[in-house]
Amino acid sequence: MGSNIRKKRRVSVKRKAAMKRRIFRLCIAAVLIVLIIIAVRAFRAREISDYIASTASFTRRGEVEVTTIETFGKSYYDQDELRQAIRDAVDQYNQDNGGGKELIEWKGLTVRGGVATLILDYKSVGDYVSFNSAPMFFGTVKDAIEQGYDLRGILSAASRRNTSKILTQRDFEELSSNRLIYVTEKMNLVVPRRILYASGNLKVSADRQAIVNGTISESSPAILILE
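Residues numbered from 1 in each chain as written. Predicted model: local features only at pLDDT ≥ 70, side-chain atom pairs only at ≥ 80, totals over all residues. Heavy atoms only, no water.

A. Structural context of helix 3 (residues 125-132). Inspection of helix 3 places Val125, Asp127 and Tyr128 among the buried residues, and these make up the whole buried set. For helix 3, the buried positions fall inside an angular range of 155° around the axis, keeping them on one side. Considering only its buried residues, helix 3 is in contact with strand 1 (55-58), strand 2 (64-71), helix 2 (79-97), strand 4 (115-122) and strand 5 (136-140). The positive-phi residue at the C-terminal boundary of helix 3 is Ser133, with phi of around 50°. (Buried < 20%, exposed > 50% of the residue type's maximum accessible area, 1.4 Å probe, protein only. Helix = DSSP H or I, 4+ residues; strand = E, 2+ residues; numbered from the N terminus. Arc of directions from axis to C-beta. Contact = heavy atoms within 4.5 Å.)

B. Molecular detail of the environment of Ser217. Tracing the backbone through its elements, the reader meets Ser217 in the loop between strand 10 (209-212) and strand 11 (222-226). Here the alpha-carbon distance between Ser217 and Lys186, two residues 31 residues apart in the chain, equals 7.2 Å. At 3.1 Å, the side chain of Ser217 forms a polar contact with the side chain of Ser219. (Polar contact = N/O pair within 3.5 Å; in protein donor to acceptor, adjacent residues only side chain to side chain.)

C. Expanded view of the layout of surface pockets. Approximately 630 Å³ is the volume attributed to the largest pocket. Lining the largest pocket we find 27 residues, and of these Ser54, Thr68, Ile69, Glu70 and Leu118 sit closest to its centre. For the lining of the largest pocket, the elements supplying multiple residues, two or more each, are strand 2, helix 2, strand 4 and helix 3. Considering every element that reaches the lining of the largest pocket, the biggest residue donor is strand 2, with 6 residues. A breakdown of the residues in the lining of the largest pocket according to their chemical character gives 16 nonpolar, 8 polar and 3 charged. If you add up the space inside the second largest pocket, you get close to 160 Å³. Surrounding the second largest pocket, Ser159, Arg161, Asn162, Lys165, Asp171, Glu174, Leu175, Asn178, Leu196 and Tyr197 form its lining. At the level of elements, helix 5 (171-174) and strand 8 (195-198) are the ones that each hand at least two residues to the lining of the second largest pocket. (1 Å grid on protein atoms, 1.4 Å probe; cavity = no way out; pocket = protein on both sides within 12 Å on 5 of 7 lines; lining within 4 Å. Points joined across faces, edges and corners; volume = space filled by probe spheres on them. Nonpolar A, V, L, I, M, F, W, Y, C, P; charged D, E, K, R; others polar.)

D. Inspection of the side chain of Asn201 at higher detail. Its location among the elements puts Asn201 in the loop between strand 8 and strand 9 (202-206). At a separation of 3.2 Å, a polar atom in the side chain of Asn201 contacts the main-chain carbonyl oxygen of Ser220. For Asn201, the side chain forms a polar contact with the main-chain oxygen of Pro221, separated by 3.2 Å. What Asn201 contacts, discounting residues up to four positions off in sequence, is Ile211, Val212, Asn213, Gly214, Thr215, Ile216, Ser220, Pro221 and Ala222.

E. How the structure looks around the nonpolar core. Grouped together as the largest cluster of nonpolar side chains are 36 residues, with contacts concentrated most on Phe58, Val64, Tyr128, Met136, Ile181, Leu189 and Leu224. Residue contacts for Ile181: discarding those within four places in its chain leaves Phe58, Phe137, Phe138, Leu189, Val191, Ala222, Ile223, Leu224 and Leu226. (Core = buried A, V, L, I, M, F, W, Y, C linked by side-chain atoms within 4.5 Å.)

F. Fine view of the packing of helix 2 against helix 3. Viewed as axis vectors pointing N to C, helix 2 and helix 3 meet at an angle of 120°, and their least axial separation amounts to 11 Å. The angle between the axes of helix 2 and helix 3 places the two elements in the oblique class. The crossing of helix 2 and helix 3 is right-handed. Two secondary-structure elements touch here, helix 2 through Ala89, Val90 and Tyr93 and helix 3 through Gly126, Asp127, Ser130 and Phe131. By residue class, the composition of the contact of helix 2 with helix 3 is 4 nonpolar, 2 polar and 1 charged. (Axes fitted to C-alpha atoms, helices over the stretch in contact; angles between N-to-C directions. Parallel < 35°, antiparallel > 145°, perpendicular 65-115°, else oblique. Left-handed = near helix turned anticlockwise from the far one by under 90°.)

G. Just a positive patch on the surface, in detail. Among the surface-exposed residues, Arg60, Arg179, Arg193 and Arg208 lie close enough to one another that they form a single positively charged patch. As for its placement among the helices and strands, Arg193 is situated in the loop between strand 7 (188-190) and strand 8. Overall, Arg193 belongs to the partly exposed group, its relative accessible area being 37%. (Patch = residues over 30% accessible without salt bridge, like charges linked within 9 Å, V, L, I, M, F, W, Y side chains within 5 Å. Areas by Shrake-Rupley, 256 points an atom, 1.4 Å probe, with all protein chains shown as cover. Salt bridge = Lys/Arg side-chain N within 4 Å of Asp/Glu carboxyl O. Lys, Arg positive; Asp, Glu negative; His and termini not counted. Charge placed at Lys NZ, Arg CZ, Asp CG, Glu CD.)

H. Inspection of the packing of aromatic side chains at higher detail. Applying the stated rule across the entire model yields 6 aromatic pairs. Between Tyr93 and Phe131, the aromatic rings sit 5.8 Å apart at their centres with planes inclined by 85°, giving edge-to-face as the arrangement. Here Tyr93 is found in helix 2, whereas its partner Phe131 is found in helix 3, with 38 residues between them in sequence. Between Tyr122 and Phe131, the aromatic rings sit 6.3 Å apart at their centres with planes inclined by 55°, giving tilted as the arrangement. Grouped by ring-pair contacts, the aromatic residues Tyr93, Tyr122, Tyr128 and Phe131 constitute a single cluster. Looking at Arg179, its charged tip hangs above the ring of Phe138, at a distance of 5.7 Å from the centre. (Phe/Tyr/Trp six-rings, centres within 6.5 Å; stacked < 30°, edge-to-face > 60°. Lys NZ or Arg CZ within 6 Å of the ring centre and 35° of its normal.)

Rendered as structure tokens:
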């Protein structure tokens, strides 16, 4: 009789211990989920607020992430309507052109303090051009010339390697394989290689960053040649 009671007590203790371990694991899992959610939200908040002005960030693979920052007039748009309109346009573009691939990735839209920040990731500069109907180029100097881009805006720029070296038309042949970036909208630029030459409407703020320093338009494009 006493033996049975002791056995029952041992079984009961084991069950309680197992239950405690199960509860502990569930608590740990819940904490991890909360931490992941917090981390994701923090990452998104950081991503949205990384830049204080419109910026195009180019990768070596030819992708370009564009952060557009503009004043948001509530008298003209409702935030939710604006978000839905842009998402619909992105979805339609991917459906019409992607063949099952996401050519434009939605990264987010926030409106804070009367300022709207939109981030879209384009799989190629061609997708940016098609979606926005705005000229942009990222390729070699040779390809830019062959495709008819007007590069006069970068002539007379000083080399960042040697400030006494001034870019001339004749230098384009030597630089034919260097990467060139050409944009026609007002935006800062983040690039995958060190900047060698910059047009006068850009100011090089770091080896791989340039900020707007004048008028940028289709008639006055911003141009960078990279090392």
